[in-house]
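# Secondary and tertiary structure notes
Each chain, letter by letter, is given below.
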Number of protein chains: 2
Amino acid sequence: MSPEEFRQHGHRVIDWIAEYLTNPSAHPVLARTRPGEVAAALPSSPPTDGEEFDAILQDLDDILLPGITHWNHPAFFAYFGISGSMPGILAEAIAAALNVNAMLWRTSPAATELEEVAVDWLRQLLGLPNDFRGHIQDTASTSTLVALASAREATGLDIRERGLAGRDVPPLRVYCSEEAHSSVEKAAITLGIGRESVRKIRTDDEFRMIPRALEEAIEIDRSAGDRPFCIVATLGTTSTTSVDPLPQLAAVARRFGLWLHVDAAYGGAAAVVPEIRDVTRGWEQADSIVVNPHKWLFVPIDCSTLFLRDPEITRRAFTLVPDYLQTPQGESVTNLMDYGHALGRRFRALKLWTTLRYFGESGLAARLREHIDLARAFAADVRRDPDWRVEAPVPFSTVCFRFTPPGLGDADTDALNERILEAVNATGEVFLSHTRLNGRYTLRLAVGNIRTEAGHVRDAWRLLRDAARNEQPRQ
Amino acid sequence: MSPEEFRQHGHRVIDWIAEYLTNPSAHPVLARTRPGEVAAALPSSPPTDGEEFDAILQDLDDILLPGITHWNHPAFFAYFGISGSMPGILAEAIAAALNVNAMLWRTSPAATELEEVAVDWLRQLLGLPNDFRGHIQDTASTSTLVALASAREATGLDIRERGLAGRDVPPLRVYCSEEAHSSVEKAAITLGIGRESVRKIRTDDEFRMIPRALEEAIEIDRSAGDRPFCIVATLGTTSTTSVDPLPQLAAVARRFGLWLHVDAAYGGAAAVVPEIRDVTRGWEQADSIVVNPHKWLFVPIDCSTLFLRDPEITRRAFTLVPDYLQTPQGESVTNLMDYGHALGRRFRALKLWTTLRYFGESGLAARLREHIDLARAFAADVRRDPDWRVEAPVPFSTVCFRFTPPGLGDADTDALNERILEAVNATGEVFLSHTRLNGRYTLRLAVGNIRTEAGHVRDAWRLLRDAARNEQPRQ
């Protein structure tokens, strides 16, 4: 492709994106395609000769777009809503063009130093003390994996070199609440610690880890000769966005000499809002914290930041410098490949930096505040209707609720809520997801998209009530 | 940002990229910035109020660009040259705009199905049998981590659930050559297997693993009660791009019942060239193979494909489906989150598919063939000069060589070559890297950039000889 052709195709792509983002509501939120339909519409073999770029763009419209679930849709309320803001999208295009691999400082000093600066900016926006140093990983799953690997390294058992098997190492145990994200278990599986070693601690009636239950679990494991090594607290659980009691959990971690990792992948962003920040109290005592700018800070996926109190432990856990990666700068510079399992690294800092600059602290806070207000207004609507219940507190922008008409047993209520969810999602006008709370099928509305306005939330509420009317069991 | 503003800024960004890529040689290949210089030029705190996008673009030019090491430069010969082709860059912009998370089929059916189709296209281009199924990871490090986790799962020791510690599990051992990539050790560290468990097998005089030495090592470990579980063969080692004897290693794997993983992150791409493909003979017997389209197939970083003979083992190793991720489609569809540790997934398939379509099989093969020819021509030049030596065979597009004037001891020759490398890199006209072969400091020239032409390679050779003349020890 010549630069002139790139210019032409590029302008077309920009126009395509501008049009797409002008009105993402033109598409059903949730893709209506049937399994296999997209694949069947594509040739089963690659072309022998190159094709025109225009033909590729045409297939994007004709074949791919109908199979896209539109995370950009302002009524995307499922899981956690995310937004790739426009400045972030442009930064991604530039990063793809620069195409640097920031494995070593030397292989692109600006990529490494911008990552240090942008992540430190984020640290300041979040009000974290300046003894935390952070870097970027792809996802919170990887950040938590790296955090747990660091906690494992901090045991001093030399697991890095000698491994866990065939030697006198007791089972390592990690503690999180029963509401913690599945990435904690996945990290334990990956690290050879084992899923059973993840002790899921009971939660209170607001879905927060019970410190006393945590202490008991640690004591039982210690008595059995096991080796507790890490507590994972959650600041904004996936189901209900509950916040574990961080100051108390930090005290437990200190008392037993355990690593404290805080999973604030979603909730941490709220610290940008001054009047909300208090909810994070205690996280400054953590050893590691994950916050995902691609979740609720308008950075395109993927961008997860991992803050470490002592990055040297993480470096010790992972660093390996073969001859061919030794540089004249040696250890006088940060080589980001040393802080995780992956050698190659995209220039993700560019989109984080661009987004923080474009919105500024006040712009980010305003948008988050609005999302929180929208969620609380929705919760108020739900509470006003006697046939509906809000099932958990709303500390951030996510509401858990269900339809609970009188005279219906638990199983029937579950089935009814499931049908309601399918019905509203089938309209294509909104997309919500579900969870289970105390075993009960529960609906969830999470506000996180930069285009969401009060009308979208009101529409969701209207569609839910319509569906509840239509789906009520025949008497 | 309004769509209209996005259009304006977007066109400017496209023009910026077009101009940058018209002549990447306008910049020194290797950034000349001093450590800390980029960071010092940036504000130490984030802005309170949002800034203009134009100001960000201005800083890109003024502050960041001088700190970029230009992987796009046609004389980037270090490590492995890579290229984010123009169609791939545009696809990345579209993926950032769509901003889907392809964790579940449902959360963007087209992203999942396009990944299955595009990776299968690649499988066909590489001539792999159709019993391999692949998916995309970020980097080869992650692909190898997932492969080794799958091999660990295949032992049937239920390490996923029960972990490795505090039970009767012998040390697991994994075998690779002493020339294998550091990601094998990093995977062993991460997985709790331990770095010591990576048995580095001796290589022959062409830097290929010696099958007999491998068998001996396995037998010694078995006699000691250890548990060999995996062989990692390399198709294109990092230093010399040597190819381990795959058919013999596959026979050893079969004989001992071990998993065979083939690291073809760089070399695998060469299978697209019909007259070169024979070099991959034997890889069709592997259990898993990693090939990186972001390395030598013109896809912007990051895009690593992992081919699996039995993806069900990998799924068993990693799958965990919390209530909130259960979908009406259940297991009738592929949910890509099940095939690794990370939940979130970017829409990486779009750039792979776009690149394969734009170039087609013949276009890719032509470019790879040219790179191979350029490297062989360079090796021929080096061989013709009696003061220089080519230090390893050249199966692909990478040449290992050094300056070996008569009468100089090994240590002095090492130091001299190091000075030569620093001198040519300081010109800003080329960027080469080094390695050590049999303990000797060796220079490396790797051709992999889509813009590299014969003149760039000739220039490198001229600069090297000039530097050798200037850097010769004073008599």
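Here we summarise the structure given alongside this text. (Residues numbered from 1 in each chain as written. Chains lettered and ligands numbered in written order. Predicted model: local features only at pLDDT ≥ 70, side-chain atom pairs only at ≥ 80, totals over all residues. Heavy atoms only, no water.)

Our focus in this paragraph is the nonpolar core. Trp283(A) and Trp283(B) are the most contacted members of the largest nonpolar core, which has 220 residues in total. When neighbours within four sequence positions are excluded, Trp283(A) is seen to be in contact with Leu126(A), Leu128(A), Phe132(A), Leu235(A), Leu246(A), Val262(A), Ala264(A), Gly268(A), Ala271(A), Ile289(A) and Val291(A). Ranked by size, the runner-up nonpolar core spans 60 residues in total, among them Val146(A), Ile159(A), Ala187(B) and Leu191(B). (Core = buried A, V, L, I, M, F, W, Y, C linked by side-chain atoms within 4.5 Å. Buried < 20%, exposed > 50% of the residue type's maximum accessible area, 1.4 Å probe, protein only. Contact = heavy atoms within 4.5 Å.)

On to the environment of Leu191(B), then. Examined against the element boundaries, Leu191(B) turns out to sit in the loop between helix 8 (182–190) and strand 3 (198–201). Between the alpha carbons of Leu191(B) and Leu164(B) there is a distance of 9.5 Å; along the sequence they are 27 residues apart. Beyond its immediate stretch of four places on either side in the chain, Leu191(B) contacts Arg152(A), Thr190(A), Leu191(A), Gly192(A), Leu145(B), Leu148(B), Ala149(B), Arg152(B) and Leu164(B). (Helix = DSSP H or I, 4+ residues; strand = E, 2+ residues; numbered from the N terminus.)

With that settled, the discussion passes to the pattern of salt bridges. If you walk through the whole model with that rule in mind, you get 97 salt bridges over all chains. Linking Glu391(A) and Arg402(A) is a salt bridge whose minimum nitrogen-to-oxygen distance equals 3.7 Å. Of this pair, Glu391(A) sits in the loop between strand 8 (388–390) and strand 9 (398–403) while Arg402(A) is found in strand 9, placing the two residues 11 residues apart along the sequence. Taken as a pair, Glu391(A) and Arg402(A) share a single burial class, namely buried. The salt bridge involving Glu4(B) is made with Arg7(B); its shortest N-O contact spans 3.5 Å. (Salt bridge = Lys/Arg side-chain N within 4 Å of Asp/Glu carboxyl O.)

So, about the packing of helix 13 (residues 349–384) of chain B against helix 15 (residues 454–471) of chain B. Residue and element names in this part refer to chain B. Contact pair helix 13 / helix 15: the axes reach a minimum separation of 10 Å and the direction vectors enclose 25°. Comparing their axes, helix 15 and helix 13 come out roughly parallel. When the axes of helix 13 and helix 15 are compared, the crossing they make is right-handed. For the pair helix 13 and helix 15, the contacting residues are Leu374, Phe378, Asp381 and Val382 in the first and Ala454, Val457, Trp461 and Leu464 in the second. (Axes fitted to C-alpha atoms, helices over the stretch in contact; angles between N-to-C directions. Parallel < 35°, antiparallel > 145°, perpendicular 65-115°, else oblique. Left-handed = near helix turned anticlockwise from the far one by under 90°.)

Two orientations exist for strands paired in a sheet by backbone hydrogen bonds: parallel and antiparallel. All names here are of chain A. Ordered in space as 1-7-6-5-4-2-3, the 7 strands form an open sheet in which the pairing is mixed. Each edge of the open sheet is held by one strand with a lone partner, namely strand 1 (133–137) and strand 3 (198–201). Sheet twist, expressed as the average angle between the axes of neighbouring strands with direction ignored, equals 20°. Contacts from helix 8 (residues 182–190) reach strand 2 (172–177), strand 3 and strand 4 (227–234) within the one sheet, and its direction differs from that of strand 3 by about 160°. (Pairing = 2+ DSSP bridges.)

Let us now look at the relation of the copies chain A and chain B. Between chain A and chain B, the superposition needs a rotation of 180° and an axial shift of 0.0 Å, giving an RMSD of 0.0 Å. Expressed as a symmetry operation, the mapping of one chain copy onto the other fits a two-fold axis. The fraction of interface residues of chain A whose copies in chain B are also interface residues reaches 100%, indicating that both copies meet through the same surface. (Least-squares fit on C-alpha atoms with pLDDT ≥ 70 in both.)

To continue, consider the sheet that holds strand 3 of chain B. Residue and element names in this part refer to chain B. Read across the sheet, 7 strands follow the order 1-7-6-5-4-2-3 without closing on themselves; strand pairing throughout is mixed. The open sheet has two free edges, formed respectively by strand 1 (133–137) and strand 3, since each of these has just one partner strand. Shown here is a sheet whose adjacent strand axes are inclined to one another by a mean of 20°, direction ignored. In this structure, strand 6 (residues 288–291) lies alongside strand 7 (residues 304–308), joined through 4 bridges in antiparallel fashion.

This paragraph deals with the side chain of His135(A). Residue and element names in this part refer to chain A. Along the chain, His135 falls in strand 1. A polar contact is formed between the side chain of His135 and the side chain of Gln137, at a distance of 3.0 Å. Side-chain polar atoms of His135 contact the backbone oxygen of Tyr339, separated by 3.4 Å. (Polar contact = N/O pair within 3.5 Å; in protein donor to acceptor, adjacent residues only side chain to side chain.)

Geometric descriptors of this kind do not, in isolation, establish any biological role.
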